[in-house]
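Examination of the molecular architecture
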Amino acid sequence: MKGTTSLFVAGTLALLGGLVAILFPLPASLAVAVFVGWLFLFSGVFALWAGFSDKTIPARGWLMGFGLLDLVVGVWILANPLAGLVSLTIVVGALFLVSGIGRLIVAFAFSGSSTFWAMLLSGVISGGLGLFILFTVPDSSPILLGTLLAVELVVIGSSLIALGLELKKIGKN
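Residue numbering note: each chain is counted from 1, following its sequence as written. Two thresholds apply to this predicted model, a pLDDT of at least 70 for residue-level local features and 80 or more for giving and counting side-chain atom pairs, whereas whole-chain, interface and lining totals are computed over all residues. Each side-chain value is worked out from all heavy atoms of the structure, with water and hydrogens disregarded.

The name given to the protein in an unreviewed UniProt entry is HdeD family acid-resistance protein, with the source organism recorded as Paenirhodobacter hankyongi.

**So, the overall build of the protein**
Numbering of helices and strands starts at the N terminus; helices are DSSP runs of H or I of at least 4 residues and strands are runs of E of at least 2. Scanning the protein from N- to C-terminus turns up six helices and zero strands. In the protein, the succession of α and β elements from N to C terminus is α-α-α-α-α-α. What the globule rule says is 2.2 Å times the number of residues to the power 0.38, and the radius of gyration is computed from C-alpha atoms. The C-alpha atoms of the protein give a radius of gyration of 21 Å, which is well past the 16 Å a tight globule of 173 residues would have. Viewed in the frame of its principal axes, the protein has a C-alpha envelope of about 55 × 50 × 40 Å. Only protein chains enter the calculation, and the probe is 1.4 Å; a residue is then buried if its accessible area is under 20% of its type maximum, exposed if over 50%, and partly exposed in between. Taken across its 173 residues, the protein has 27% of its residues classed as buried. Note on areas: Shrake-Rupley with a 1.4 Å probe; residue coverage comes only from the protein chains shown. Counting every atom, the protein has about 10600 Å² of accessible surface; 80% of that belongs to carbon and sulfur. Side chains of the protein give 7 positive and 5 negative charges; the mean places of these two sets differ by 14 Å. Residues scored as positive are Lys and Arg, those scored as negative are Asp and Glu, and His as well as the terminal groups of each chain are ignored. By convention, the point assigned to a charge is CZ for Arg, NZ for Lys, CD for Glu and CG for Asp.

**Brief notes about a nonpolar patch on the surface**
Patch membership is restricted to residues that have no salt bridge and whose relative accessible area is over 30%. Joining uses 9 Å for like charges and 5 Å for the nonpolar side chains Val, Leu, Ile, Met, Phe, Trp and Tyr. Every case where a carboxyl oxygen of Asp or Glu lies within 4 Å of a side-chain nitrogen of Lys or Arg is listed as a salt bridge. Residues Val34, Trp38, Phe42, Phe46 and Trp49 make up a contiguous nonpolar surface patch of roughly 570 Å² in combined accessible area. By the element assignment, Phe42 lies in helix H2 (residues 25-53). Residue classification places Phe42 among the partly exposed residues on the basis of a relative accessible area of 43%.

**Remarks on the UniProt feature "transmembrane region" (unreviewed entry) in the protein**
UniProt positions are given in the numbering used here, feature names are shortened, and annotations may be inferred rather than shown by experiment. The feature "transmembrane region" (unreviewed entry), as annotated in UniProt, sits at residues 7-24, 30-50, 62-79, 85-110, 117-137 and 143-165 in this numbering. Overall, residues 117-137 shows 95% helix and 0% strand. The separation of its end C-alpha atoms is 30 Å. The span residues 143-165 shows a helical share of 100% and a strand share of 0%, and its end C-alpha atoms are spaced 33 Å apart.

**A look at helix H1 (residues 3-23)**
Under the convention used throughout, the expected extent of a helix is 1.5 Å for every residue step, that is, one less than its residue count. When the terminal C-alpha atoms of H1 are compared, their 30 Å separation across 21 residues agrees well with the 30 Å that a helix rising 1.5 Å per residue should span. Turning to H1, its buried residues are Thr4, Leu7, Gly11, Ala14, Gly18 and Ala21. Taken down its axis, H1 places every buried residue within 115° of arc, on the same side. More than 90 degrees from the buried face of H1, the exposed residues found are Leu13 and Leu23. Buried residues along H1 sit in contact with H2 and helix H6 (141-169). Arc definition: directions from the helix axis to the C-beta atoms. Contact criterion: two residues are considered in contact whenever any of their non-hydrogen atoms come within 4.5 Å of each other.

**Focus on the nonpolar core**
Proteins that are soluble and globular tend to have nonpolar side chains buried together. Definition used in this section: a nonpolar core is a set of buried Ala, Val, Leu, Ile, Met, Phe, Trp, Tyr and Cys residues joined via side-chain atoms within 4.5 Å. With nine residues, the main nonpolar core is built from Ala33, Val36, Ile77, Leu85, Leu88, Val92, Ile133, Leu144 and Leu145. Looking at this core, the elements that each hand over two or more residues are H2, helix H4 (81-109) and H6. Apart from the residues lying within four places of it in its own chain, the contact partners of Val92 are Ile133, Leu144, Leu145 and Leu148.

**Details of the packing of H2 against helix H3 (residues 60-79)**
Put simply, H2 and H3 touch, their axes get as near as 7 Å, and they point 150° apart. By the angle class used here, H2 and H3 are roughly antiparallel. Along this stretch, H2 crosses H3, giving a crossing that reads as left-handed. Residues are grouped as follows: Ala, Val, Leu, Ile, Met, Phe, Trp, Tyr, Cys and Pro are nonpolar; Asp, Glu, Lys and Arg are charged; every other residue, Gly included, is polar. Along the lines of polarity and charge, the residues of the contact of H2 with H3 split into 19 nonpolar, six polar and two charged. In this analysis an axis means a line fitted to C-alpha atoms, helices contributing only their contacting stretch, and an angle means the value between N-to-C directions, from 0 to 180 degrees. Angle categories: roughly parallel below 35 degrees, roughly antiparallel above 145, roughly perpendicular from 65 to 115, and oblique for all the rest. Take the far helix as your reference; a near helix turned counterclockwise from it by less than a right angle gives a left-handed crossing, and one turned clockwise gives a right-handed crossing.

In structure tokens form, the structure reads like this:
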């Protein structure tokens, strides 16, 4: 399969997946929670395996402690994905808020430059989204992660399709 065709197929699948996630945000959110649960579980298993199998690893106790924590979090999310949704929503809200504050700090470090307004706007939007998410938990939890996944899939799908079409137009495979 040509590269441009692969991009078009991948983009179409991502776009369709994003549209399905927009229509069904709760199942999409649960899919995200279950996926994250499995990631934590596997991370914990591999960290514990590494800690038990290689006695020369520096800070082995810390590795095994965090591995056990990852394992417990993964099992907890998989056992109760709805509660996991609430926890993950809080984490996403906190990340948006901290990211927004960080960009506001960077914006003011660049005051007077052309970067200032873009960073300021970006920081205000991310920080505002973070506050909105944190103040609407648990009400926003069932749909937030699915909606974010949907937006990301639509953006990725559209970008891949556009890239494939542009490469085909200029004759690149």
